[in-house]
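One-letter residues, chain by chain:
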Amino acid sequence: NSKVIQTPRYLVKGQGQKAKMRCIPEKGHPVVFWYQQNKNNEFKFLINFQNQEVLQQIDMTEKRFSAECPSNSPCSLEIQSSEAGDSALYLCASSLLGANTGQLYFGEGSKLTVL
Amino acid sequence: GEQVEQLPSILRVQEGSSASINCTYENSASNYFPWYKQEPGENPKLIIDIRSNMERKQTQGLIVLLDKKAKRFSLHITDTQPGDSAMYFCAAPGSWQLIFGSGTQLTVMP
């Protein structure tokens, strides 16, 4: 069973609606990643955090998403105004050491459908 | 460049035979190479990884080879079983994140 907890497993939104997903990383893992996996199974990196600080995010995330990893609260990823192309599986992963040296462990994902 | 190329995209093998998936990467500073297995409707699960100080690693019917000079690494599944049927992804570090290959759909036929 995954130690990275993502909620909700499924969400359905209309275009223009907000869509919010949450992630509790594995205990003791300071690095958190969000990826989008589309229907073609392609992974797109969205943003990552070390503790509460953003390390890197792509342009799309900066413009249309808001994400945070507050201390003592779940991390979250929110699409401000959902578009049809946002329909995908959103995967949160946590790591002890980061991408270059440490293993990433994925949560079960939040599957977003935008109607 | 931070691309990871993965081939083949589709692989069908007979039960009991071996299956091989190959990946190449561009970032010469990469030093960690994981492989993930993803079954339908599930999350990717780490099955084996190799660090750059090794050329070969084996665990439970899985072998990973790393050729740093060629920037190439590969997964070999020996004695495949129907339960090995899944999507497999290789990955290599980019500047801040893991970059994933495009995936290989492996089907093991009884």
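Summarised in this report is the structure supplied together with it. (Residues numbered from 1 in each chain as written. Chains lettered and ligands numbered in written order. Predicted model: local features only at pLDDT ≥ 70, side-chain atom pairs only at ≥ 80, totals over all residues. Heavy atoms only, no water.)

1. Considering the state of the cysteines
Stage number 1. A full pass over the atoms with the stated rule returns 3 disulfides over all chains.
Stage number 2. A sulfur-sulfur distance of 2.0 Å marks the disulfide that ties A:Cys69 to A:Cys75. The disulfide joining A:Cys69 to A:Cys75 has a torsion of about 110 degrees about its S-S bond and is therefore right-handed. Each member of the pair A:Cys69 and A:Cys75 is classed as buried.
Stage number 3. The disulfide partner of B:Cys23 is B:Cys90, and the gap between their sulfur atoms is 1.9 Å. Taking the sign of the S-S torsion, about -100 degrees here, the bridge from B:Cys23 to B:Cys90 comes out left-handed. Of this pair, B:Cys23 sits in strand β3 (residues 19-25) while B:Cys90 sits in strand β9 (residues 86-93), and the two are 67 residues apart along the sequence. (Disulfide = S-S within 2.5 Å. Buried < 20%, exposed > 50% of the residue type's maximum accessible area, 1.4 Å probe, protein only. Helix = DSSP H or I, 4+ residues; strand = E, 2+ residues; numbered from the N terminus.)

2. Notes on the nonpolar core
Stage number 1. Membership of the largest hydrophobic core comes to 24 residues, with the highest contact counts inside it found for B:Trp35, B:Phe73, B:Leu75 and B:Leu106.
Stage number 2. The residues touching B:Leu106, leaving out its near neighbours within four places in the chain, are B:Leu11, B:Val13, B:Ala19, B:Ile77, B:Asp84, B:Ser85, B:Ala86 and B:Tyr88.
Stage number 3. Grouped together as the second largest cluster of nonpolar side chains are 20 residues, A:Leu11, A:Phe49, A:Ile79 and A:Tyr90 included. (Core = buried A, V, L, I, M, F, W, Y, C linked by side-chain atoms within 4.5 Å. Contact = heavy atoms within 4.5 Å.)

3. Considerations on the environment of B:Tyr32
All names here are of chain B.
Stage number 1. The residue tyrosine 32 is located in strand β4 (residues 32-38) in this model.
Stage number 2. It is 21 Å that separates the C-alpha atoms of tyrosine 32 and proline 8, two residues lying 24 residues apart in sequence.
Stage number 3. Looking at tyrosine 32, its side chain comes within polar contact range of the side chain of aspartate 49, at 2.9 Å. (Polar contact = N/O pair within 3.5 Å; in protein donor to acceptor, adjacent residues only side chain to side chain.)

4. Here we look at the environment of A:Pro74
Residues and elements named next belong to chain A.
Stage number 1. Along the polypeptide, proline 74 turns up in the loop between β7 (65-68) and β8 (75-79).
Stage number 2. For the pair proline 74 and isoleucine 24, spaced 50 residues apart in the sequence, the C-alpha separation amounts to 4.9 Å.
Stage number 3. Here proline 74 is in contact with Arg22, Cys23 and Ile24, once residues within four sequence places are set aside.

5. Focus: the interface of chain B and chain A
Stage number 1. Facing the 19 residues of chain B at the interface are 23 residues of chain A.
Stage number 2. Contact between chain B and chain A buries roughly 1800 Å² in total, counting both sides, with carbon and sulfur atoms accounting for 54%.
Stage number 3. The interface formed by chain B and chain A includes 0 salt bridges.
Stage number 4. Counting across the interface, chain B meets chain A through 6 residue pairs in polar contact (both at pLDDT 80 or more).
Stage number 5. Listed by contribution, the elements that provide at least two residues to the side of chain B that touches chain A are β4, β5 (45-51), β9 and β10 (98-100) of chain B. (Buried area = accessible area lost by both parts, 1.4 Å probe. Salt bridge = Lys/Arg side-chain N within 4 Å of Asp/Glu carboxyl O.)

6. Side note on the pairing of β7(A)
All names here are of chain A.
Stage number 1. Of the pairings in the sheet, the one linking β7 to β8 comprises 4 bridges and is antiparallel in character. Along β8, the bridge assignment pairs glutamate 68 with serine 76.
Stage number 2. Taking the residues between adjacent antiparallel strands as the criterion, β7 and β8 are bridged by 6 residues, where asparagine 72 takes a positive phi near 65 degrees. (Pairing = 2+ DSSP bridges.)

7. Brief notes about the environment of B:Arg72
All names here are of chain B.
Stage number 1. Mapped onto the fold, arginine 72 is located in strand β8 (residues 72-77).
Stage number 2. Looking at arginine 72, the relative accessible area reads 41%, which means it is partly exposed.
Stage number 3. For the pair arginine 72 and asparagine 22, spaced 50 residues apart in sequence, the C-alpha to C-alpha distance is 7.3 Å.
Stage number 4. What arginine 72 contacts, discounting residues up to four positions off in sequence, is Cys23, Thr24, Tyr25, Leu65, Leu66 and Asp67.

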